[in-house]
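Descriptive structure summary
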Amino acid sequence: MKTVKSSIEKELAGKLLVDVAIEQAQRWTEREFNQLRHREDYVVHVPMSKRSWVVGKFDLIALGEHCWQLTDRDRINTVFYSRKAAVFYAYFTQRKKYNLADILLKHDQDTAKYRDELEFYSSKLAKKLKQKNVTFDTQLYQSRYLESKARYNTARKELEKTLNQTKYTKVWDQIL
């Protein structure tokens, strides 16, 4: 009886020791990750789940197909249309390159605004076209739809151009 009881006690003590070691390793890893995360010289880009990432000191959460929320310690900074724009905005903000971050934010917000406008007028136009009688409202929605489509395409191209210019800021060498 004594040998069975003592072997069980040794096994439980071993499991307890392993659990304590794992817990300490997890705490150390979290502490080191947070220290790396808040450094200004290197910006860490790490996936935390399927719909969230850590970009430096910011958290990036996917809210929808074209909707990305960037937060800084439970404070919502902004919502982005493009994930790439959100990542670069976080990078530029952490590196204190506010001019580049502001330009990127402006182009992203313009793209989102014109996309919402395009969706609004396309739904209004579709409702009017279902009625099968062409009225002044139908023509108005059609012209507004075409106008907003042109503005959206222009804004999207500007955003893509701005994002493509980030390679000249040597971003890729410094994102871990």
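Below: a short report on this structure. Nothing here was measured: the structure is a model prediction, and the numbers come from that model.

For the rest of this paragraph, the subject is the pairing of strand β3 (residues 58-64). Here four bridges tie strand β2 (residues 52-55) to β3, and the two strands are oriented antiparallel to one another. Its bridge partner lying in β3, V55 is registered against F58. In this structure, the hairpin formed by β2 and β3 is closed by a connection of two residues, where G56 is found at a positive phi of approximately 65°. Sheet analysis places β3 next to strand β4 (residues 67-72), joined by five bridges and oriented antiparallel. Looking at β4, one finds that D59 is bridged to T71. Hairpin connection from β3 to β4: two residues lie between these consecutive antiparallel strands.

On the surface, a cluster of nonpolar side chains totalling about 330 Å² of accessible area is made up of I61, L63, I76 and V79. Elements with a contribution of two residues or more to the nonpolar patch: β3 and β5 (75-80). Position of I61 relative to the elements: it lies in strand β3.

Bringing helix α4 (residues 136-164) into the picture now. Its 29 residues give α4 an end-to-end C-alpha distance of 42 Å, which sits within 8% of 42 Å, the value for a rise of 1.5 Å per residue. When α4 is considered as a whole, its buried residues turn out to be T138, Y141, S148, Y152, A155, L159, T162 and L163. Tucked inside the fold, the buried residues of α4 contact α2 (83-94) and α3 (98-130).

Quick notes on the rules
- Residues numbered from 1 in each chain as written.
- Predicted model: local features only at pLDDT ≥ 70, side-chain atom pairs only at ≥ 80, totals over all residues.
- Heavy atoms only, no water.
- Pairing = 2+ DSSP bridges.
- Helix = DSSP H or I, 4+ residues; strand = E, 2+ residues; numbered from the N terminus.
- Patch = residues over 30% accessible without salt bridge, like charges linked within 9 Å, V, L, I, M, F, W, Y side chains within 5 Å.
- Areas by Shrake-Rupley, 256 points an atom, 1.4 Å probe, with all protein chains shown as cover.
- Salt bridge = Lys/Arg side-chain N within 4 Å of Asp/Glu carboxyl O.
- Expected span 1.5 Å × (residues − 1).
- Buried < 20%, exposed > 50% of the residue type's maximum accessible area, 1.4 Å probe, protein only.
- Contact = heavy atoms within 4.5 Å.

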